[in-house]
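# Coordinates in review
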Amino acid sequence: MNKKWSKLITVIMVSGALIVASVGCSSKTDGEASPSPVASGATATESPSGEAASPAASGPYYNADQSAEEIIKDAASQGKVGNWGLGNEYEIQALLAKYGQPITYLSQAFDMDGFDDDSILLASAMTYNELGLVKNDYDGAYKYGDTVKTIDMNDEGVAMLEDNLFCTKDFAEKNPNTVKAFIYASLRGWEYAAEHPEEAAEIVYKYGSSVSAEHQAYMATEVKKLVQTNTKGETVTNYGEMNEEAMAQTLELAKKYIQLSDSTAAEALQKLTLDDIRDTSYWEAATASADGKFAPLEKTDVAIQLKWLPQAQFMGYYVALDKGYYTEAGLNVTIVPGGGDIGETTAVYTGQVDFGVTWVSNLTAANAGGMNLLEIAQIYQRSGLVLVYKLNQ
């Protein structure tokens, strides 16, 4: 059997183990980003007391001056902390453990109906997606406005880094100039998008947006914050930098909360270091270049696999394509939307595409299974995950 496909079978088994091990996981495809809402409701699992959590409590909710600890302990005691699973849950588990709570959670659907009907009191939300749907008043949103508040993973010290740019180690070694040129042009796109979020949202919408124009505009303004601000709330000017401290924390939490049934992969996971999952040299060369010209390019026709459908979560790549930044770098780039049966790590590993967008935890699990992937730029500098709750009125 071909060595690469043998490893792939192992990785698929690891992915399956992740799904089984995720308490209350949803049916989301492996490797997805937080998608736009498509389902409804939430599935009750057992509460910490061992009894089934009852849905649709009418309140009371929480006071504006209550601490995160008080709110988390109360919601956890009722078994009403929600998450999607499949990679989103590790920060939630770390947060629950921080306050001495069981790390179980309710399986949350991709809409916010469970939050709306009170079957979930603390609901997971990405700042650039579900939180906007909860707060805003455009069509399809829940219109809660300022009657909700959030608990932020960054503020709580359990943040894990999300969208990065990666390829295989083998591809990077064989095509170093192509990798550097792609990073350079992509970061130009991200810089422009962050400086012009309204225009970036319009560009993404033009390429086949998966959400409404209004929600796309909201997403762009929130994604801008994730690109320009780190986990400590500090401004980031070096787009795509791989912050050592933030990456180390992400890897540490991944090792603690990713559960793999394959013993070989589980052992490999615990031995992984940052040097096993990222290489800063390509980013350093790309950002040091004055014009992004890296000759000769070993490969000019390349493709990038996104985590989900076209939306402002990936606006930097669409801007780079639309503005001609890839062309100027000598590249002909195809952007492949996600949402299919094959995740982005698998698509890159098997050579279906050259680059991909994933979370550090996803790449870590994939490498534990033998994929030998390599992060080459960290686009999101902070976690976009929050827990949203209602205020007493």
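Above: the structure in question.
Residues numbered from 1 in each chain as written. Predicted model: local features only at pLDDT ≥ 70, side-chain atom pairs only at ≥ 80, totals over all residues. Heavy atoms only, no water.

Quick look at the overall build of the protein now. Along its length, the protein carries 16 helices and 11 strands. Looking at the 393 residues of the protein, the share that counts as buried comes to 58%. Of the contacts made within the protein by residues no fewer than 6 positions apart, 82% connect residues no fewer than 24 positions apart. (Helix = DSSP H or I, 4+ residues; strand = E, 2+ residues; numbered from the N terminus. Buried < 20%, exposed > 50% of the residue type's maximum accessible area, 1.4 Å probe, protein only. Contact = heavy atoms within 4.5 Å.)

Attention shifts here to the pairing of strand β6 (residues 164-168). Taking burial as the measure, the five residues of β6 include five buried ones, the bulk of the element. Inspection of the sheet shows β6 paired to strand β9 (residues 355-358) by three bridges, in the antiparallel sense. For asparagine 164, the partnering residue across the bridge sits in β9 and is threonine 358. The sheet contact formed by β6 and strand β10 (residues 373-378) spans five bridges and is antiparallel. Bridge pairing in β10 links threonine 168 to leucine 373. (Pairing = 2+ DSSP bridges.)

What follows covers the environment of aspartate 137. By secondary structure assignment, the location of aspartate 137 is in the loop between α5 (130-135) and β5 (148-152). Residue classification places aspartate 137 among the exposed residues on the basis of a relative accessible area of 61%. A C-alpha to C-alpha distance of 10.0 Å links aspartate 137 and glutamate 214, two positions 77 residues apart in sequence.

A separate point is the sheet that holds β6. Read from one edge of the open sheet, five strands run β8-β7-β9-β6-β10, paired in mixed fashion. Two strands bound the open sheet, and with one partner strand each, they are β8 (332-336) and β10. Between one strand axis and the next, the sheet turns by 30° as a mean value, whatever way the strands run. Inspection of the sheet shows strand β7 (residues 301-305) paired to β9 by two bridges, in the parallel sense. Residue pairing in the sheet places isoleucine 304 in a bridge with phenylalanine 355 of β9. (Axes fitted to C-alpha atoms, helices over the stretch in contact; angles between N-to-C directions.)

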